[in-house]
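What follows is each chain in one-letter form.
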Protein chains: 4
Amino acid sequence: MSEGAGAEVPTATGARARQREQTRSRLVDAAREVFADTPFADVRVGDISARAGVSHGLFYHYFPSKQDVLREVAAQVYQELIESLDVVLERGGTTPLIDRMDVALRRALERHRREARLIAVIEEVSRYDEDVAAIRETVQRKETARIVTLIRDLQRLGRADPGLDAEVAAAALQAMVWELGKRWFVLEDIELDFDHAVAQLARIARNALGLTAGTPEDSLLR
Amino acid sequence: MSEGAGAEVPTATGARARQREQTRSRLVDAAREVFADTPFADVRVGDISARAGVSHGLFYHYFPSKQDVLREVAAQVYQELIESLDVVLERGGTTPLIDRMDVALRRALERHRREARLIAVIEEVSRYDEDVAAIRETVQRKETARIVTLIRDLQRLGRADPGLDAEVAAAALQAMVWELGKRWFVLEDIELDFDHAVAQLARIARNALGLTAGTPEDSLLR
Amino acid sequence: MSEGAGAEVPTATGARARQREQTRSRLVDAAREVFADTPFADVRVGDISARAGVSHGLFYHYFPSKQDVLREVAAQVYQELIESLDVVLERGGTTPLIDRMDVALRRALERHRREARLIAVIEEVSRYDEDVAAIRETVQRKETARIVTLIRDLQRLGRADPGLDAEVAAAALQAMVWELGKRWFVLEDIELDFDHAVAQLARIARNALGLTAGTPEDSLLR
Amino acid sequence: MSEGAGAEVPTATGARARQREQTRSRLVDAAREVFADTPFADVRVGDISARAGVSHGLFYHYFPSKQDVLREVAAQVYQELIESLDVVLERGGTTPLIDRMDVALRRALERHRREARLIAVIEEVSRYDEDVAAIRETVQRKETARIVTLIRDLQRLGRADPGLDAEVAAAALQAMVWELGKRWFVLEDIELDFDHAVAQLARIARNALGLTAGTPEDSLLR
DNA sequence: TATGAATGAGCATTCATTCAT
DNA sequence: TATGAATGAATGCTCATTCAT
């Protein structure tokens, strides 16, 4: 055999670790699906383990409780959320300053369309679970901060209404998107063509900030 | 009949009915308090009857289940919500057209400040209880319709951005208020001076709709 | 009807209270039986409620947990134990001083014969349940104190070995009885004729204390 | 065979056996510690293997169940117990007959002081585990028998109360020691100076048996 | 021999709901 | 109408035990 005998133990360990990681993700993935489908309080641990295809008891080798998986799911979902905005909103990105709000809006709504149900559950639980609350708050604050920076940059360039309190404006725009996401994709109160709605929201946002049209040189402003 | 005069029966019945009504509202009030304090799933029927000062079993003389009281509470809260806006937004009111958005915004936020926790619970439950969902949807649609009308009136008078889809704009502004209410008063992510925030939000809303300043005759536009 | 109408409410309440008390005792009695038969850790709440002939859930209307019924049982058993000795050992009783040890010994062993299994369980649980421990300790200390008094009285009259530390001697005699009770009636290591054994133990106890034979006047010593 | 010389196999096997024995005692030692600390029913196999520093599963290579280690522990503890008395009580020992009871008492109490918690657990379990019961019974019977012999020897020499049934007296004295041991060292009801208590118990025992003082020749009586 | 992932049975506990009084 | 005792279904969680590696 060409593989050294000593290598076997680490390999075995590696296999174990891999196996462990796999089972764990299977549980988290199952939890994501279940949480998206069922009111949090009605989710039984058995639903999750069943969907993951493992025994009931095994759940407890990986998570101490139902709330704990949700924490993991929340972290995951929010991570994805912020990553998808980071690219657009980060200073020094490739999107022209003046267009960033538009692009971010579309990205955010796309993401909400996909994860709206989970987001709603996370928000619900964050009302009484401190850990989940902390995760939610951290991510939302980070997102708000990005928007605040964008608005201030625009104000500094004379492109946005200087009378706006950037903090309030950022919170307001963010709130608009999150709540619309919920009504549109979870509560399904609203029926709109996606592209039309995004275009309109972009217009509303631009109006709200008092954005003035860009000039050719704007592409240089990052 | 050996029992007292026939006249007594209606009186007795009246007393009964009054008593009944009283107990019923005591239960609803107790429920409002409990729901505002406790995650819906954790509320036990016993909590409500205990707070109402009646026996556990009596609850079931009035409501078939926990969800049913919530329906009643939801109807109540939403009724109050819409009434407080109706005065402002109804056509033919005394508030000048151009100022209605401002006033409505303030009113709405005041109401949310007071009932934010209940609103959050109702929204949560409406995700899986059709009846509550129907109540919520009806009221919100009514509110949206009012805003749509206002925006269209403003557009017709050449005071608002004619490029806006009034439906989308109305939904967006409404979403902004409801979500800010939750973050501000329930999740307590946001700390803002109430008057400053209201003024800023009014400015944002005006910008968003592209409202142009009013002229003296505007006070005639209702 | 000769009974006043007003009397009905208290009667009804009385009936309720009686009913409640009855159910409670049924549970306690059932618990006594079960605990005597089954290792404490193996007792399921369901065993108790089943033997009491009530539903599983009803148990929890009366006791917060299995340990709590045991506390009640312990209190009961120990109360009976001490009462059966009190009559003999209390100063001013009718039993001549010199005979008290004999009588007490017989009484105690009779009681142990009847309740040995429960006593063993209580002792076991008192190793890790503070409340049960407190009950056991209180009663045993009281019993020891009685014996100490008896020995001191005998020493004062010159009837018992003055070189004995009454505290140690009392503890030793008490220990002898309790442990023999367990080996004889629970572990069933020992097979003895009851009366013969009691007579022998009385002789051993008298020897141990160095009791000198009584004179006719002794019947006056109480 | 490509693996080393044949001589290695026995050596390897020897090493294996040594290793096996080592792991086994590590488990037994760990069990002793755990059982002394934790109510038997609350001891999990995992506690023992964890304290032994081996994996959970490995436990089952050595013992079929928790009860089985306890059997081993019980055997060990009781073996130590009887050995420490054998030296004193065995006929033909070096201790003068008349002093044996004293010495045995002290030895026994020293042993109990050290192992009281384990003894209590073993006794508890022996109430429902036949194997443990057998171990306990065997040792205690052996101990009783030694005392019976001693008492009979003393009676034969006219040194002890001839009216005593040696069987009952032996059981009574043994019971006294075991139970005092538990109350003193496990339940901690009693607080006594060790030497004082031992001296007193010796006096009580001597009284109980009616032992008369020895003469110089007694040292010859063995 | 050693590991620890996986299984599944078992029990305590809670609580909505009913019903005799 | 009002009470609260009684029911029983539902589910979270633990842990002994097995087994693939």
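All of these numbers come straight from a predicted model, not from anything done at the bench.

Cut-off values and rules
- Residues numbered from 1 in each chain as written.
- Chains lettered and ligands numbered in written order.
- Predicted model: local features only at pLDDT ≥ 70, side-chain atom pairs only at ≥ 80, totals over all residues.
- Heavy atoms only, no water.
- Near = heavy atom within 4 Å.
- Polar contact = N/O pair within 3.5 Å; in protein donor to acceptor, adjacent residues only side chain to side chain.
- Helix = DSSP H or I, 4+ residues; strand = E, 2+ residues; numbered from the N terminus.
- Least-squares fit on C-alpha atoms with pLDDT ≥ 70 in both.
- Contact = heavy atoms within 4.5 Å.
- Nonpolar A, V, L, I, M, F, W, Y, C, P; charged D, E, K, R; others polar.
- Core = buried A, V, L, I, M, F, W, Y, C linked by side-chain atoms within 4.5 Å.
- Buried < 20%, exposed > 50% of the residue type's maximum accessible area, 1.4 Å probe, protein only.
- Buried area = accessible area lost by both parts, 1.4 Å probe.
- Salt bridge = Lys/Arg side-chain N within 4 Å of Asp/Glu carboxyl O.

**Q** I would appreciate a short explanation of the protein's contact with DNA strand E in the present structure.
**A** Inspection of the region around DNA strand E gives 32 residues, with A:Arg16, A:Tyr62, B:His56, C:His56 and D:Gln19 positioned closest. Per the 4 Å cut-off to the protein, sugar and phosphate atoms form 67% of the nearby atoms of DNA strand E. Residue C:Val45 places a main-chain N or O atom 3.2 Å away from a phosphate oxygen belonging to DNA strand E. No other element matches helix α1 (residues 8-37) of chain A, which puts four residues into the surface near DNA strand E.

**Q** Would you mind going over the relation of the copies chain D and chain C with me for this structure?
**A** Superposing chain D onto chain C requires a rotation of 180° together with a translation of 0.0 Å along the rotation axis, leaving an RMSD of 0.2 Å. What the rotation and shift describe, once combined, is the action of a two-fold rotation axis. Of all interface residues in chain D, 100% are interface residues in chain C too; the two copies therefore contact each other through one and the same surface.

**Q** Mind showing me how you'd approach the protein's contact with DNA strand F here?
**A** In the vicinity of DNA strand F there are 32 residues, among which B:Gln19, B:Tyr62, C:Arg16, C:Tyr62 and D:His56 approach most closely. Sugar plus phosphate: this is where 67% of the atoms of DNA strand F within 4 Å of the protein reside. A distance of 3.4 Å is found between a phosphate oxygen of DNA strand F and a side-chain nitrogen or oxygen belonging to B:Thr23. In the environment of DNA strand F, a phosphate oxygen lies 2.8 Å from a nitrogen or oxygen atom belonging to the backbone of C:Ser55. Contributions of two or more residues to the surface near DNA strand F are made by α1 (8-37) and α3 (59-62) of chain B together with α1 (8-37) and α3 (59-62) of chain C. Looking at the surface near DNA strand F, the element that brings in the most residues is α1(C), giving four residues. Across the surface near DNA strand F, the residue classes break down as 13 nonpolar, 13 polar and six charged.

**Q** I'm lost on the nonpolar core in this one. Help?
**A** One broad rule of soluble globular proteins: the nonpolar side chains tend to lie buried together. A:Phe35 and B:Ile48 are the most contacted members of the largest nonpolar core, which totals 152 residues. Setting aside residues no more than four positions away along its own chain, B:Ile48 makes contact with B:Leu27, B:Ala30, B:Ala31, B:Val34, B:Phe35, B:Val43, B:Phe59 and B:Val69. Listed in part, the 151 residues of the second largest apolar core include C:Leu180, C:Ala202, D:Ala52 and D:Ile151.

**Q** Quick question: what am I supposed to make of the interface of chain D and chain C here?
**A** Interfaces are frequently sized by the accessible area removed from exposure as the parts join. Contacts between chain D and chain C engage 43 residues on the former and 43 residues on the latter. Interface area for chain D against chain C, summed over the two sides, is near 3,700 Å², with a carbon-plus-sulfur share of 57%. Scanning the region where chain D abuts chain C turns up eight salt bridges. Taking the shortest distance from any N to any O, the salt bridge between D:Asp161 and C:Arg203 comes out at 2.8 Å. Seen at the junction of chain D and chain C, the total is 22 residue pairs in polar contact (both at pLDDT 80 or more).

**Q** For this particular structure, what's the right way to read the interface of chain A and chain B?
**A** Counting residues at the interface gives 43 residues for chain A and 43 residues for chain B. Summed over both sides, the interface between chain A and chain B buries roughly 3,700 Å², with carbon and sulfur atoms accounting for 57% of that surface. Taken together, chain A and chain B are joined by 10 salt bridges. Between B:Asp189 and A:Arg136 there is a salt bridge, with the nearest N and O atoms lying 2.7 Å from each other. Joining chain A to chain B, the criterion identifies 22 residue pairs in polar contact (both at pLDDT 80 or more). Listing elements by their share of the side of chain A that touches chain B, those giving two or more residues are α5 (97-125), α6 (130-156), α7 (166-186) and α8 (194-209) of chain A.

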